[in-house]
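# Structural description and commentary
Chain by chain, the residues run as shown.
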Amino acid sequence: SLSYLLRFPFDKIKIDRYFVTASSEDNAARQILSAIVNLACTLEIAVTAEGVETEEQVDFLKGTGCGLLQGYYFARPMPEASLQPFELKPPKPPAVRHAT
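These lines cover the structure that appears in this document, whether it is placed above or below. Numbers given to residues run from 1 along each chain, matching the order in which its sequence is written. For this predicted model, a pLDDT threshold of at least 70 governs which residues receive local features, and a threshold of 80 or more governs which side-chain atom pairs are given and counted, while totals over whole chains, interfaces and linings are taken from all residues. As a convention, hydrogens and water are excluded, and side-chain values are obtained from all of the structure's heavy atoms.

What follows is about the overall build of the chain. From N to C terminus, the chain includes four helices and three strands. Beginning at the N terminus, the succession of helices and strands in the chain can be written as α-β-α-α-β-α-β. When the 100 residues of the chain are sorted by exposure, 21% land in the buried category. Excluding contacts between residues fewer than 6 apart, the proportion of contacts in the chain whose partners are at least 24 apart in sequence is 45%. Methods summary: accessible areas were calculated by the Shrake-Rupley approach with a probe of 1.4 Å, and residue burial reflects only the protein chains presented. When the accessible surface of the chain is summed, it comes to about 8000 Å², and 57% of that surface belongs to carbon and sulfur atoms. For helices the rule is a DSSP run of H or I covering at least 4 residues; for strands it is a run of E covering at least 2, with both sets numbered from the N terminus onward. Exposure categories follow from relative accessible area, calculated using a 1.4 Å probe and restricted to protein chains: below 20% of the type maximum is buried, above 50% is exposed, and the middle band is partly exposed. The contact rule is simple, with two residues in contact once any of their heavy atoms fall within 4.5 Å.

Below, the structure written as structure tokens:
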């Protein structure tokens with residue numbers, strides 16, 4: 001029920017891979033995905049889409065504003081020790097130049 005969005009303090013939503021897979025062929029699935037991401041953005045809730053397997057899905061989800069994607073498109077499941085090369089690092093702040 002959507003009433004849970006008001007009753008519980010959500011800080012993230014994870015979109016089931018069913019919707020991501022269906023989005024390749026089903027316009028209704030694409031509309032639902034867009035609505036979920038839009039709702040999350042409005043409520044300032046992080047969104048992760050799981051089950052991303054194709055470049056088409058990546059492009060569509062990025063276009064909706066979904067910022068976190070996971071799935072075989074990026075990598076197969078692996079042990080934690082192998083994750084380091086995939087870890088995102090925050091961008092370095094720009095160098096400050098002092099006027100002389």
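Each patch groups residues whose relative accessible area exceeds 30% and which form no salt bridge, using 9 Å between like charges and 5 Å between nonpolar side chains of Val, Leu, Ile, Met, Phe, Trp and Tyr. A carboxyl oxygen of Asp or Glu within 4 Å of a side-chain nitrogen of Lys or Arg is what we treat as a salt bridge. We treat Lys and Arg as the positive residues and Asp and Glu as the negative residues; His and chain ends play no part in the count. For this purpose, a charge sits on NZ of Lys, CZ of Arg, CG of Asp or CD of Glu. Residues Glu25, Asp26, Glu55, Glu56 and Asp59 make up a contiguous surface patch of negative charge. Assignment of secondary structure puts aspartate 26 in the loop between α2 (17-22) and α3 (27-42). On the basis of relative accessibility, which here comes to 35%, the residue aspartate 26 falls in the partly exposed class.

A contiguous nonpolar surface patch, about 290 Å² in accessible area, is contributed by Leu2, Leu39 and Leu43. Following the sequence through the fold, leucine 2 ends up in the segment before α1 (4-7). Looking at leucine 2, the relative accessible area reads 67%, which means it is exposed.

Once that is clear, we can look at the nonpolar core. For soluble globular proteins, the rule of thumb is that nonpolar side chains tend to be buried together. In plain words, nonpolar cores are sets of buried Ala, Val, Leu, Ile, Met, Phe, Trp, Tyr and Cys residues tied together by side-chain atoms within 4.5 Å. One finds Ile15, Ala49, Val52, Leu61, Cys66 and Leu69 to be the most contacted residues of the largest nonpolar core, which totals 14 residues. Put simply, the parts of the chain that give this core at least two residues each are β1 (12-15), α3, β2 (46-49) and α4 (55-64). Element by element, the count of residues in this core is highest for α3, at three residues. Residue contacts for cysteine 66: discarding those within four places in its chain leaves Val37, Val47, Thr48, Ala49 and Leu61.

Attention now goes to the packing of α3 against α4. Note on method: axes are straight lines fitted to C-alpha atoms, helices fitted across the in-contact stretch only, with angles between N-to-C directions ranging 0 to 180 degrees. Orientation of α3 relative to α4, taken along the N-to-C sense of each, is 40°, at an axis distance of 9 Å. Judged on the interaxial angle alone, α4 and α3 are oblique. Of the two possible hands of crossing, α3 and α4 adopt the one that is right-handed. Facing Arg30, Leu33, Ser34 and Val37 of α3, the residues of α4 in contact are Phe60, Leu61 and Thr64. Note that Gly is not counted as nonpolar here; it falls among the polar residues with everything else outside the nonpolar set of Ala, Val, Leu, Ile, Met, Phe, Trp, Tyr, Cys and Pro and the charged set of Asp, Glu, Lys and Arg. Classifying every residue of the contact of α3 with α4 gives four nonpolar, two polar and one charged. Orientation labels follow simple angle bins: below 35 degrees gives roughly parallel, above 145 gives roughly antiparallel, 65 to 115 gives roughly perpendicular, and whatever is left gives oblique. Should the near helix be turned anticlockwise from the far one by less than a right angle, the crossing is left-handed, and should it be turned clockwise, the crossing is right-handed.

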